[in-house]
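Commentary on secondary and tertiary structure
Read off the chains here:
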Amino acid sequence: VYGMPIVFGPNFQKFREAKQLIREKAAFPISDYLTLKYKLDKFISDDNALQHASEYAANYVKKNLGATKIILDEIFKEKCLN
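Rules and cut-offs
- Residues numbered from 1 in each chain as written.
- Predicted model: local features only at pLDDT ≥ 70, side-chain atom pairs only at ≥ 80, totals over all residues.
- Heavy atoms only, no water.
- Phe/Tyr/Trp six-rings, centres within 6.5 Å; stacked < 30°, edge-to-face > 60°.
- Helix = DSSP H or I, 4+ residues; strand = E, 2+ residues; numbered from the N terminus.
- Buried < 20%, exposed > 50% of the residue type's maximum accessible area, 1.4 Å probe, protein only.
- Lys NZ or Arg CZ within 6 Å of the ring centre and 35° of its normal.

The final tally for this structure, using the stated rule, is 2 aromatic pairs. Ring centres 5.5 Å apart and planes at 55° place the aromatic pair Phe8 and Phe12 in the tilted group. Ring centres 5.6 Å apart and planes at 65° place the aromatic pair Phe28 and Phe43 in the edge-to-face group. Taken together, the positions of Phe28 in strand β2 (residues 27-29) and Phe43 in helix α2 (residues 33-45) put the pair 15 residues apart, joining distant regions of the chain. Like Phe43, Phe28 is buried. Note that Lys39 overlies the ring of Phe28, its terminal NZ or CZ placed 4.0 Å from the centroid.

Have a look at this one:
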């Protein structure tokens, strides 16, 4: 994900990160071939579109650095208390 725009299928509603990436304009849900073709053609032909989506993706990763450590700390804290 880091520094690259993301495309994925239409079944993303259960994934918080996918919804956040869409809001951040770093990810794009694709429901059919024409939508995929349009989005990929846009990235190939429009350097600004590719650059912006790439920057948004990189910023999302940067903002969420350390999340794994926080989650693991909570898990181990809970385990130690029990």
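Having seen the structure, we can now continue with the description.
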